[in-house]
Amino acid sequence: TQLLEQSPQFLSIQEGENLTVYCNSSSVFSSLQWYRQEPGEGPVLLVTVVTGGEVKKLKRLTFQFGDARKDSSLHITAAQPGDTGLYLCAGSPNFGNEKLTFGTGTRLTIIP
Amino acid sequence: KAGVTQTPRYLIKTRGQQVTLSCSPISGHRSVSWYQQTPGQGLQFLFEYFSETQRNKGNFPGRFSGRQFSNSRSEMNVSTLELGDSALYLCASKLKYRSATEAFFGQGTRLTVV
C-alpha cells in the first residue's frame, strides 16, 4: 500500500506570514495533485504536477514535485484568511492506474 | 458545465438500515469514484466505476456496494448500517490530464448513523 504522509498535520499562522506544507512517500508516484477542502464541502483541485522537479505557481501558491517523484510541497506566500482549509495531496501510483491515494491532510488556519 | 452532483446532502439513518447515495458526474466524464471521509481515517477509497464496470475497489466490507448506469450516474449502497459508517461520502468524476487523472468532487453526502 502506498501512503502519503503530510506535515504538519495542523498549522495556525497569522495573516501575511508564509508557510510550507509537505507531502512525502517512500513510493514513486506518476503524478501528484493538491486539493483544498472547506468544512462540509468536497475537495477542490488546485494543481496537478506530473514531471519530477516540476514547479507550478497559482497566484500566491507554489507547488513543487520532487525530483524522485516521491514528495511534493505547497508554499503559500502572504497567507490570507481565505486560504484556511484542509489541504490534501493525492497521487497516482503508476502510469495507467487511475486510482488516487490521498494524503493524511494538513488543516490550515489563517488568523486575521 | 455543471459540476458533480450528489444527493442527498444529509441523511440520518438507524443502525441496521440500508442507504443509497447518488452521484451524477460532470457531463462527458465516464469514470466515477467514491470515497469515505472521517476525521480519524481521512479520505478512504471505496470503489471506482468506468463504463458501468467496477475498475478498482478499496478495502471495505461487502456491505458497501455500488453500480454505474449507462448515463454514467452512479449509486452506492451501504447495507446493515453501523455507527462507524457515519461519515462524509464523496463522489468524484475523473478526467485525464497529461499522464495524470484529475478528480472533481461533489459536495458530498453527510451520513449520520444513530
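About the thresholds
- Residues numbered from 1 in each chain as written.
- Chains lettered and ligands numbered in written order.
- Predicted model: local features only at pLDDT ≥ 70, side-chain atom pairs only at ≥ 80, totals over all residues.
- Heavy atoms only, no water.
- Helix = DSSP H or I, 4+ residues; strand = E, 2+ residues; numbered from the N terminus.
- Buried < 20%, exposed > 50% of the residue type's maximum accessible area, 1.4 Å probe, protein only.
- Contact = heavy atoms within 4.5 Å.
- Areas by Shrake-Rupley, 256 points an atom, 1.4 Å probe, with all protein chains shown as cover.
- Lys, Arg positive; Asp, Glu negative; His and termini not counted.
- Charge placed at Lys NZ, Arg CZ, Asp CG, Glu CD.
- Disulfide = S-S within 2.5 Å.
- Buried area = accessible area lost by both parts, 1.4 Å probe.
- Polar contact = N/O pair within 3.5 Å; in protein donor to acceptor, adjacent residues only side chain to side chain.
- Pairing = 2+ DSSP bridges.
- Axes fitted to C-alpha atoms, helices over the stretch in contact; angles between N-to-C directions.
- Phe/Tyr/Trp six-rings, centres within 6.5 Å; stacked < 30°, edge-to-face > 60°.

*Asks:* What is the right way to read the overall build of chain A from this model?
*Replies:* Helix and strand content of chain A: 0 helices and 11 strands. Within chain A, the fraction of its 112 residues that count as buried is 48%. For chain A, contacts bridging at least 24 residues in sequence account for 55% of all contacts bridging at least 6. Approximately 5100 Å² of chain A is accessible, and the part contributed by carbon and sulfur atoms is 51%. Taken together, the 9 basic and 10 acidic charged side chains of chain A have centroids lying 4 Å from each other.

*Asks:* Explain the state of the cysteines here, please?
*Replies:* By definition, a disulfide is the covalent link that joins the sulfur atoms of two cysteine residues. Residue and element names in this part refer to chain A. Using the criterion set out here, one finds 2 disulfides over all chains in the structure. Linked covalently through their sulfurs, Cys23 and Cys89 form a disulfide whose S-S length is 2.0 Å. Sign of the S-S torsion, about 80° for the bond between Cys23 and Cys89, identifies this disulfide as right-handed. Separated by 66 residues along the polypeptide, Cys23 in strand β3 (residues 19–24) and Cys89 in strand β9 (residues 85–92) bring together distant segments of the chain. Residue classification places Cys23 among the buried positions, given a relative accessible area of 0%. For Cys89, a relative accessible area of 0% corresponds to the buried category.

*Asks:* How do you make sense of the interface of chain A and chain B when you look at a structure like this?
*Replies:* Where interface size is quoted, it is often the accessible area lost as the parts come together. Taken together, the contact between chain A and chain B spans 23 residues of the former and 25 residues of the latter. With both chains or domains summed, chain A and chain B bury close to 1900 Å², and 49% of this area falls on carbon and sulfur atoms. Remark: the boundary between chain A and chain B carries 5 residue pairs in polar contact (both at pLDDT 80 or more). Sorting the residues of the side of chain A that touches chain B by element identifies β4 (31–37), β5 (44–49) and β9 of chain A as the ones contributing at least two each. The leading source of residues in the side of chain A that touches chain B is β4(A), at 4 residues.

*Asks:* What's the story with the pairing of strand β11 (residues 106–111) of chain A in this structure? I'm lost.
*Replies:* As a general feature of sheets, a regular strand has side chains that alternate between the two faces. All names here are of chain A. Residues Thr106, Leu108 and Ile110 of β11 are buried on one face, while the alternating residues Arg107, Thr109 and Ile111, pointing to the opposite face, are not. As defined by bridge partners, strand β2 (residues 10–14) adjoins β11 across 5 bridges and the pair is classed as parallel. Looking at the pairing, Phe10 lines up with Arg107 of β11. As judged from the 3 bridges shared by β9 and β11, these two strands associate in the antiparallel manner. What sits directly across from Leu86, in β11, is Arg107.

*Asks:* Honestly, the sheet that holds strand β8 (residues 74–78) of chain B in this entry has me stumped. Any pointers?
*Replies:* Within a beta sheet, neighbouring strands are joined by backbone hydrogen bonds and run either parallel or antiparallel to one another. Residues and elements named next belong to chain B. Read across the open sheet, the 4 strands follow the order β1-β3-β8-β7; overall the sheet is antiparallel. The open sheet is flanked by β1 (5–7) and β7 (64–68), the only strands paired with a single partner. Ignoring which end each strand starts from, the neighbouring axes of this sheet average 15° apart. In the sheet, strand β3 (residues 19–24) pairs with β8 via 5 bridges, with the strands oriented antiparallel. Among the inter-strand pairings, Val19 is bridged to a residue of β8, identified as Val78.

*Asks:* Explain the sheet that holds strand β8 (residues 71–76) of chain A to me, please; I cannot follow it from the model alone.
*Replies:* All names here are of chain A. One open sheet accounts for 5 strands, arranged β1-β3-β8-β7-β6; its pairing is antiparallel. The strands lining the two open edges of the sheet, one partner per strand, are β1 (5–7) and β6 (55–58). The sheet shows a mean angle of 15° between the axes of neighbouring strands, taken without regard to direction. Pairing of β6 with strand β7 (residues 61–65) involves 4 bridges; the strand directions are antiparallel. Residue pairing in the sheet places Lys57 in a bridge with Thr62 of β7.

*Asks:* I'm lost on the packing of aromatic side chains in this one. Help?
*Replies:* Centre distance and the angle of the planes are the two values used to describe a pair of aromatic rings. Applying the stated criterion across every chain, the model contains 8 aromatic pairs over all chains. A centroid spacing of 5.3 Å and a plane angle of 80° characterise the contact between A:Phe102 and B:Tyr35, whose relative ring orientation is edge-to-face. A residue pair is termed interchain when its members come from two chains, as with A:Phe102 in strand β10 (residues 101–102) and B:Tyr35 in strand β4 (residues 31–38). Take A:Phe102 and B:Tyr35: they sit in the same class, and that class is buried.

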